[in-house]
Structure formats: C-alpha cells, structure tokens
Amino acid sequence: MIEEQSIIKVGMADLNVGSQDSLIRTTGLGSCVGLTLFDPVKKLAGMAHVMLPSSDIAREGQLNIAKYADTAVPELLNRLLALGAVRSRLVAKMAGGSQMFAFAGGNDTMRIGPRNVESCKLALEALHIPLIAEDTGGNFGRTIEIACNTGVLFIRSVQKGIREI
Amino acid sequence: MELFKNFKDFKMDVLKEVGNIGAGHAATALSQLVGKPIDMAVPKVQLLNFEEIAEKVGGAEELVYAVFLRVEGEAPGNLFFILTPEAAVSLLNRIAGIEVSSEGMLGEMEMSALNEIGNILAGSYLSSLADFTQLSMFPTVPALAMDMAGAILAYGLLQFGQMGDDALLIDTTFMEGNDEIEGQFFLIPDPESFPKIFKSLGVPFDND
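Let me sum up the structure you'll find in this document.

Rules and cut-offs
Residues numbered from 1 in each chain as written. Chains lettered and ligands numbered in written order. Predicted model: local features only at pLDDT ≥ 70, side-chain atom pairs only at ≥ 80, totals over all residues. Heavy atoms only, no water. 1 Å grid on protein atoms, 1.4 Å probe; cavity = no way out; pocket = protein on both sides within 12 Å on 5 of 7 lines; lining within 4 Å. Points joined across faces, edges and corners; volume = space filled by probe spheres on them. Nonpolar A, V, L, I, M, F, W, Y, C, P; charged D, E, K, R; others polar. Pairing = 2+ DSSP bridges. Helix = DSSP H or I, 4+ residues; strand = E, 2+ residues; numbered from the N terminus. Axes fitted to C-alpha atoms, helices over the stretch in contact; angles between N-to-C directions. Phe/Tyr/Trp six-rings, centres within 6.5 Å; stacked < 30°, edge-to-face > 60°. Buried < 20%, exposed > 50% of the residue type's maximum accessible area, 1.4 Å probe, protein only. Polar contact = N/O pair within 3.5 Å; in protein donor to acceptor, adjacent residues only side chain to side chain. Contact = heavy atoms within 4.5 Å. Buried area = accessible area lost by both parts, 1.4 Å probe. Salt bridge = Lys/Arg side-chain N within 4 Å of Asp/Glu carboxyl O.

1. A short note on the layout of surface pockets
In this structure, the largest pocket encloses a volume near 230 Å³. As for the largest pocket, its lining consists of 16 residues, and the residues nearest its centre are Val10(A), Gly11(A), Thr27(A), Glu51(B) and Ala60(B). Of the residues that constitute the lining of the largest pocket, the class distribution is 5 nonpolar, 7 polar and 4 charged. Quantified by volume, the second largest pocket comes out at close to 200 Å³. In terms of lining residues, the second largest pocket is bounded by 14 residues, among which Asn139(A), Met111(B), Leu144(B), Ala145(B) and Met146(B) are the most central.

Here you go:
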C-alpha cells in the first residue's frame, strides 16, 4: 500500500496516516502539538499537527478540521479506523505545546501551547484513547517522526538533541 | 480569507509602502548602530500558506534568531525581526563589541544584547508606521528566541489561523554590502487591522 521507508510529511494544521515501514514527520512544532495514534498489531499510525485548541473560535468559512484539537483527534481516529485499525488497541503519544516566548503579561494567546496540550488530552479522553507518552511544554521547538511499524516517536530539538518516547 | 485574495495591486502597493517606511527607518537605525550603510530590498507583500511562510527563512527547521513583538493598539499584529545565526554573531560583534567564539549557543549576556538590538530596530519600525498611519500601535516587551523557524513563526499566525490557512505577510530584507549582516522583518497584521490601515491612509476598503 505504501512504499518502504517512505516519509509522509504532515504540514502545519494538517494530518496524515501511514503503515508498515513508513515514517510520518512534522517539522517545527512550537506552540502546536503533534499528536500520534498507533495500532501496534496492524502497524498503522497517524499524526496530526494541531495549531489551535478549539474549533469554537474558528471564523473561517470552510473549517480545516486538522487545525483544531477538538476536530483533528476524532478525524485522525476515523482515518485509522477506515484503514482497519482497531479502536481498543490504539495508543496516543504527543509532543510540542511549548511556550516559545516568555512574556511578563499572562496574555491568553501567548499561553496557546499549554492550551493546545490540554485540549488534545480532553479530546483523547472523550474517545477513551490512552495517552502513553508525551514530551510537551518547555520553550523550544521540536521536529517529530513516528515509525509506523514500532510506534516509536522520535523527537528532535535544537537544544536537547534527539529523544525517543 | 477570500477578502485578501481579492486585494488589487493598488492595495498591495499600499502595504508595500507600509513595509517600506517601517523597515526604512529600522535600516537607518541599524546603519547608525553599526556605522555602515545598510541596503534594503523592495518589500514583498504576499498572501502565503503557513508552510510557505517558514520557507521564506529557509524552511521550518532552519535555525534562526527572532525577536518577536506583539503589537497592540488600533491596528494589532505581530512583528518579527529575524536573523541567521551568522548575522546575529556579526551584529553582536559590530554593535556591542562582543566576540562570540563559535557559532554555538549565545550566552545570557549575548542574548540580552541581541534582544535590545532587536527592540531598538523593531521599535523604530513600529513608531514610523504609527506616524505614517496615525494609528496607535504599542509594542509589547520584546522576546528573543533561537530555534526552528517553523516553531517561532507559528506564533505570528495564530490570529490568521482562526480564519484560514494563509496569512498576509509584509516581508522586508536588509543587508550590509557584503551580506555579512542580513535580516528580515516580518509584519503580520491581524486580519481585522487591514481595513483600519487602509482607511487611515485614505484607501477605500471594499471587497475589491
């Protein structure tokens, strides 16, 4: 279905799925959250690059459902189920949600990273998908990559090098 | 977002002039700081997809130094002053006499000096813009980050993110003769600021 060792890119406010030997990658996560779902038996994985916490604030005509935590997580689940993933086997991981700039004032926009993380967790809870690992917060950017055959999530950052969760 | 796709050339020219005035004053301030002439490219005004915006500085993973100011007041928006690591080191050396040994991480003192340089330049960009448009614009306290361009620039796209997948960017590059110091200003006005900017400059704002 998908070529060996292919890399599937996920852009900002985007989501995609892959299987077997492919890798799914998204680059430059700051306040955005990269959320992954994985079915270990089917070796299927999906990733969403979530930019904003809730579609309630959307003012766009045609909603980009990959952009908001509350719409992206259900969509990612549906895409995996359509490929044959079994819901009860799915596990989630996520990374990102940092606060790139430290400001004195507690402006809500500036807290977008932590809010994205909270919303993703709520969306997962609502769907009863366990979150088994996360690398969120801090004040640095991340590039992440999930191996669809193992579900290992590789996290690269400028200051901390490469980490696996 | 259709609104911005339908901007006529004339409106784009007005926004270019906005970038020209702001960056022009900032380039003058920089040239005084380094004691050398600074050249400036013609500003580019483009409606870009989020991905394309990171491409403007070399890709989402490209390492950059960025001073970020949130602009508040009548025409809110986001202002970035972006430098390559080489340019940051060179600027520190010229302006503050700080020798940075390698291109490694800058220390606290260096970061603070760089933040102040960014603050001076961004402040001069913004105040000339406020004079030009007669709109009140206050910068927030600037913040400096050194990280992946995609992670940094996403902060300037949140207001546009609620409306679509594109943002209107006013991009001005300046450089010193031998390209040793090259920097970029990105001004991303909030979507609702455009009618105000046009109105203040006497441009009728309708949907064409």
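2. Focus: the sheet that holds strand β8 (residues 142–147) of chain A
All names here are of chain A. Taken together, the 5 strands give an open sheet; going across it, the order is β1-β3-β8-β9-β10, and neighbouring strands pair in mixed fashion. Bordering the open sheet on either side are β1 (7–9) and β10 (161–164), each of which pairs with just one other strand. Looking at each pair of strands side by side, their axes are set apart by 25 degrees on average, direction ignored.

3. Concerning empty space enclosed by the protein
All names here are of chain B. Evaluation of the coordinates by the stated rule reveals 2 cavities of 30 Å³ or more. Considering only enclosed or pocket space, the largest cavity measures out at about 40 Å³ in volume. Every residue along the wall of the largest cavity is listed here: Val-71, Ala-75, Pro-76, Gly-77, Leu-126, Leu-129, Met-137, Leu-187, Pro-189 and Ile-197. When residues of the lining of the largest cavity are traced back to their parent elements, those giving at least two are α5 (108–133) and β8 (182–189). Along the walls of the second largest cavity sit Tyr-65, Ala-66, Val-67, Phe-81, Leu-83, Leu-114 and Leu-144, which together make up its complete lining.

4. Some remarks on the packing of aromatic side chains
Tallied over the entire structure, the rule returns 8 aromatic pairs over all chains. With a centroid separation of 4.9 Å and 40 degrees between ring planes, the pair formed by Phe101(A) and Phe68(B) is classed as tilted. In this pair, Phe101(A) is assigned in the loop between β6 (91–96) and α2 (112–126) and Phe68(B) in strand β3 (residues 63–73), connecting two distinct chains. Per residue, the accessibility class of Phe101(A) equals that of Phe68(B), and both read buried. Aromatic side chains Tyr125(B) and Phe185(B) sit 4.9 Å apart centroid to centroid with 35 degrees between the ring planes, which places their arrangement in the tilted category.

5. What to know about the side chain of Glu145(A)
Residue and element names in this part refer to chain A. Mapping Glu-145 onto the fold places it in strand β8. In terms of polar contacts, Glu-145 uses its side chain to reach the side chain of Arg-25, at 2.6 Å. Dropping the residues within four chain positions of it, Glu-145 is found in contact with Leu-23, Ile-24, Arg-25, Met-47, Val-152, Leu-153 and Phe-154.

6. Regarding the interface of chain B and chain A
Taken together, the contact pairs 33 residues of chain B with 36 residues of chain A. Taking both sides of the interface into account, the surface hidden between chain B and chain A amounts to around 2700 Å²; carbon and sulfur atoms contribute 65%. It is Tyr155(B), Leu158(B) and Gln162(B) that lose the most area in chain B upon contact with chain A, and together they represent 26% of the buried surface on that side. For the pair chain B and chain A, the number of links is 2 salt bridges. Two residues, Lys67(A) and Asp165(B), come together in a salt bridge whose shortest N-O distance is 2.9 Å. When residues of the side of chain B that touches chain A are traced back to their parent elements, those giving at least two are α3 (50–55), β3, β6 (143–148), α6 (149–153) and α7 (158–161) of chain B. Element by element, the count of residues in the side of chain B that touches chain A is highest for β6(B), at 6 residues. Its residues placed into classes, the side of chain B that touches chain A shows 20 nonpolar, 6 polar and 7 charged.

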